[in-house]
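Residue-level structure breakdown
Each chain, letter by letter, is given below.
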Amino acid sequence: MKIVVCIKQVPDTAEIKINPETNTLMREGVPSIINPFDLHALEAAVRLKEQRTVRVTVLTMGPPQAEGALREAISLGADDAVLLSDRAFAGSDTWATSYTLAKAISTIGADIVLCGKQAIDGDTAQVGPETAEFLDIPHISYVRKIESVEDTMIKVQRLMDEGYDVVQSSLPVLLTVVKELNIPRMPSIRGILQSKKCEIRTLGKDDINADENDLGLKGSPTQVKNIFAPESTAEKKMIEGTAEEKVESLLGELKKIKCL
Amino acid sequence: MPIIVKIDKCTGCETCLESCPFDAIVMKEDKAYINEYCNECKTCLEVCPEGAIIEMAGNENTARKKALKEKFADYKGIFVFAEQRDGKAADVSYELLGAARRLAGELDTDVSAVLLGADESEAQELIMWGADRVYLCSDPELKSFNDDTYAGILSDLIEKHKPSIVLAGATAIGRSFIPRVAARVRTGLTADCTSLEIDRDSRDLLQVRPAFGGNIMATILCPDYRPQMATVRPRVMKKGTYDNKSKGEIIHVKTEGLSSRTRVLEAVKEVSELSVNLHEADIIISGGRGAGGAKGFELLEDLAEALGGVVGASRAAVDEGWVQYSHQVGQTGKTVNPKIYFACGISGAVQHLVGMQSSDIIIAINKNPDAPIFNVATYGIVGDMFEILPMLTRRIKEIKGQ
């Protein structure tokens, strides 16, 4: 069985701070990490290796530096890694990213594709389902438990807004996973050694049988028109006094807004 | 059109470097250089004090754009995907109808709802809430959600009726199958929009959403393709007006031999101990590291009970094991926007703020006067939650006569 895990190298957005004077992002020194949700996808793939004969390929689309994320994934148990990198991919929105990933996955071949539910820098949660559509395979989003995997069938639990569904799908399938699925392991010594000597295969636009008009900025239907700092219009008020006075003032405010 | 730096005008002041949200400007031989990460967002154009950054005029794409314009010329009207749960339309459907009505007014067009797996009485409700027309598919197969069937029907309706805008809720269901639809009909999709407006000149849909983990906002356009698709989280848009005299048309959509590669074997409703539906709550009482343990959360529960709210938590409190993950608010938890959000013992890391800062009123209680939570708070109280909360709960109960 072949499993492809899609990962993304992202800035650790929890580390990003805003310069209060200029209202711009202070990104200097912000470390790059593997998108946290993708680590759960990778862990799920590596655990399946313990049950059956599985080859786990980790795939990322990004600049040459994204190789670091792939090597980390090898240290965590992936068998091989593919870097999808080409200037022609730059500026891709979710449509073009998904199209490109799907073309690469078709080239690699997969029975199961695993993705994190979303990347923490974009938070769109669109690339997984869109990739499944381009691959013309079914997908199940927000998988929190893999109940069983057979040669042609998979059964999982899908997180919904008010509970969960038990869903069955034919293979091949694409799953996007949530963090309740598992606890990712730490790299093993063997894995770390492996990650250093492992060869990373690089695919460019000419290797994946893609239509150039559908790649990168040119292939992306959405455009960023502008970027601006979130405005804080609300009036701010610090409530002072003794503890009792503070409580009474707050009650007064709650009455004003008709909460009481 | 590509953005370039006029080398002769660039003084190498580096002002533009920080302005770029995509890290696409680098220094090369003391001059600014725009690399392939450029998304053509044009932020740097205004920043450069020398006017050295310009947009190149080009006609490379104009023929393609013109062809697309002709192809999509007859796309008009607004579609709202009206999600149902157990046969009842979810609140987010009414909120989207409110937004769609407003946009339709500006564009002088009409609003159609798409309702799958519910009956005619629910379709009638959608008309009261502002739909001019409902495409209804009552096939019982559609009661449970499968991406294949939902994506198939909505894509077919889009291709047949050619709407210019399609809106859907950013719920578990919407976020799962709407991207499939966008991929299939080959158009753009913007997730989790916080504002939708019509551009005065181009008449395109301006879709505003948080970017970079909510640290900054971006306006997204889909200028060349139709429909323009967007998802909106529950409670972001205001419901329109309910009018029980509204007239509308219900069109029954025939589906023959619905097929899906996935099948729902069982749907389980899961209510956690504290019964949280953070998305729907009007009042949320959240605790963080300052709650100190399960004891602190009991105080939050007491206040929640007195006010009729639900309990939320920061990642720190969930990681400590004081409260279940289903309560987590923030980037890796839920995004909420209640009318009132209490942040008790929460310092206010960006990861938490992005999940709650669109709440109408934020009340922060924290011992540390420098905690960043006070920057977003409508009302701030510097104090010990263990002192303030019991007093507050007691007084609220007195006032309410409980």
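Residues numbered from 1 in each chain as written. Chains lettered and ligands numbered in written order. Predicted model: local features only at pLDDT ≥ 70, side-chain atom pairs only at ≥ 80, totals over all residues.

Of the regular secondary structure elements, chain B holds twelve helices and 22 strands. Along the first, second and third principal axes, the C-alpha atoms of chain B reach 70 × 65 × 40 Å. Counting every position in chain B, which comprises 402 residues, the buried fraction comes to 52%. In chain B, of all internal contacts separated by at least 6 residues, the share reaching a separation of at least 24 is 66%. (Helix = DSSP H or I, 4+ residues; strand = E, 2+ residues; numbered from the N terminus. Buried ≥ 20, exposed ≤ 12 C-beta atoms within 10 Å, placed from the backbone. Contact = placed C-beta atoms within 7 Å.)

Another point: the pairing of strand E22 (residues 379-382) of chain B. Consecutive side chains along a regular strand alternate between the two faces of the sheet. Bridging between strand E15 (residues 237-239) of chain A and E22(B) involves three bridges; their strand directions are parallel. Counterpart to Lys237(A) in the pairing with E22(B) is Tyr379(B). Here four bridges tie strand E21 (residues 361-366) of chain B to E22(B), and the two strands are oriented parallel to one another. The residue of E22(B) that forms the bridge with Ile363(B) is Tyr379(B). (Pairing = 2+ DSSP bridges.)

On to the sheet that holds strand E16 (residues 249-252) of chain B. Residue and element names in this part refer to chain B. In space, the seven strands of this open sheet follow the order E11-E15-E10-E5-E8-E9-E16, with parallel pairing throughout. Of all strands in the sheet, those with a lone pairing partner are strand E11 (189-190) and E16, marking the two edges. Bridge count between strand E5 (residues 78-82) and strand E10 (residues 165-169): three bridges; the pairing is parallel. Bridge pairing links Phe 79 to Val 166 in E10. Strands in contact with helix H4 (residues 91-107) are E5, strand E8 (111-116), E10 and strand E15 (228-232); relative to E5, the strand with the most contacts, it is inclined by about 175°. On the sheet, helix H6 (residues 147-161) packs against E5, E8, strand E9 (133-137) and E10 and is oriented at approximately 155° with respect to E8. (Axes fitted to C-alpha atoms, helices over the stretch in contact; angles between N-to-C directions.)

Strand order in the open sheet made by the four strands is E14(A)-E14(B)-E13(B)-E12(B), with antiparallel pairing throughout. Because the sheet does not close on itself, it has two edges, and the strands there are strand E14 (223-228) of chain A together with strand E12 (195-198) of chain B. Direction aside, the axes of adjacent strands within the sheet are offset by 30° on average. Pairing between E14(A) and strand E14 (residues 216-221) of chain B: five bridges, direction antiparallel. Bridged to Asn226(A) within E14(B) is Thr219(B).

A few words now on the domain arrangement of chain B. Domain boundaries in chain B define domain 1 (3-58), domain 2 (69-252) and domain 3 (283-400). A straight line from the C-alpha centre of domain 1 of chain B to that of domain 2 of chain B covers 38 Å. (Domains from an automatic or database assignment.)

Our next topic: unusual backbone geometry. The linkage connecting Leu171(A) with the following residue, Pro172(A), adopts the cis geometry, with an omega of -5°. Relative to the assigned elements, Pro172(A) resides in the loop between strand E11 (163-170) and strand E12 (173-177). Arg226(B) connects to Pro227(B) through a cis peptide bond whose omega is -5°. Along the chain, the position of Pro227(B) falls in the loop between E14 and E15. Backbone geometry at Asp123(A) places phi at a positive 60°, although glycine is not the residue there. The topology assignment puts Asp123(A) in the loop between strand E8 (112-116) and helix H4 (127-135). On the basis of neighbour counts, which here come to 21 C-beta atoms within 10 Å, the residue Asp123(A) falls in the buried class. Of note, Asp108(B) is a non-glycine position whose phi angle comes to about 55°, a positive value.

Another point: the interface of chain B and chain A. Contacts between the two partners involve 77 residues from chain B, matched on the other side by 71 residues from chain A. Considering every element that reaches the side of chain B that touches chain A, the biggest residue donor is helix H7 (residues 172-185) of chain B, with nine residues. Looking at side-chain class alone, the side of chain B that touches chain A contains 40 nonpolar, 19 polar and 18 charged residues. (Nonpolar A, V, L, I, M, F, W, Y, C, P; charged D, E, K, R; others polar.)

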